[in-house]
Amino acid sequence: MDAAQKEKVKQQILNESSFSPMVDKTFSDADIDKSGFVDKTELAILLKTIHSTLNIPAPTETEINNELKRLDINKDGKISKKEFRTLVHDLAMFTIEQM
């Protein structure tokens, strides 16, 4: 896939009408206890699943903690759907770059 094609896919994926449902679905799947937040345990499960799918080593406890700190903007120890958008965006960008 050339750069122009990647850019077109990127714009399609990140179009708000496509992106919001993707965030909603991924967040709902990650929020196992349906608390309305993704806690550290749920984040760890999600990250381990993603790493397994990508066939890369599982994240370490430090990497999981760092990701929680990065995403948890208000520092309440859990990730809201709004904060979760960053993770979905980053995953979409990573996927596009791997194409």
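A brief report on the enclosed structure follows. The structure presented is a predicted model; accordingly, all values stated were derived computationally and were not measured.

### What to know about the nonpolar core
- Counting residues in hydrophobic clusters, the biggest one holds 17 residues, and the most contacted among them are V38, L43, L46, I79, F84 and L87.
- Listed by contribution, the elements that provide at least two residues to this core are α2 (16-30), α3 (40-53), α4 (61-71) and α5 (81-97).
- Of the residues forming this core, the biggest block, five residues, is contributed by α3.
- Not counting residues within four places of it along the chain, the set of residues in contact with L46 comprises A30, F84 and L87.

### What about the side chain of D31?
- Along the chain, D31 falls in the loop between α2 and α3.
- Although D31 lies buried, it forms no salt bridge, and the closest oppositely charged side chain, K34, sits 5.6 Å away as judged by the N-O distance.
- Among residues more than four places away in sequence, those in contact with D31 are G36, F37, V38 and E42.

### Observations regarding unusual backbone geometry
- Not every positive phi belongs to a glycine, and K34 is a case in point at roughly 55°.
- As for its placement among the helices and strands, K34 is situated in the loop between α2 and α3.
- On the basis of relative accessible area, K34 is assigned to the exposed category, the value being 53%.
- Although it is not a glycine, N55 sits at a positive phi angle of roughly 60°.
- By secondary structure assignment, the location of N55 is in the loop between α3 and α4.

Criteria and cut-off values
Counting of residues starts from 1 at the beginning of each chain's written sequence and follows it residue by residue. Note on the predicted model: pLDDT of at least 70 is required for a residue's local features to be given, and 80 or more for side-chain atom pairs to be given and counted; whole-chain, interface and lining totals, by contrast, use all residues. Water and hydrogen atoms play no part in the side-chain values, which are based on all heavy atoms of the structure. Here the nonpolar core consists of buried residues drawn from Ala, Val, Leu, Ile, Met, Phe, Trp, Tyr and Cys, with membership extended through side-chain atoms lying within 4.5 Å. Only protein chains enter the accessibility calculation, which uses a 1.4 Å probe; a residue whose area is less than 20% of its type maximum is buried, one above 50% is exposed, and one in between is partly exposed. Think of it this way: any DSSP run of H or I at least four residues long counts as a helix, any run of E at least two long counts as a strand, and we number them from the N terminus. Any pair of residues with heavy atoms lying within 4.5 Å of one another is described as a contacting pair. As used throughout, the charge tally considers Lys and Arg to be positive and Asp and Glu to be negative, leaving His and the chain termini uncounted. Here, a salt bridge means any Lys or Arg side-chain nitrogen found within 4 Å of an Asp or Glu carboxyl oxygen.

The values are spatial; any link to function lies outside them.
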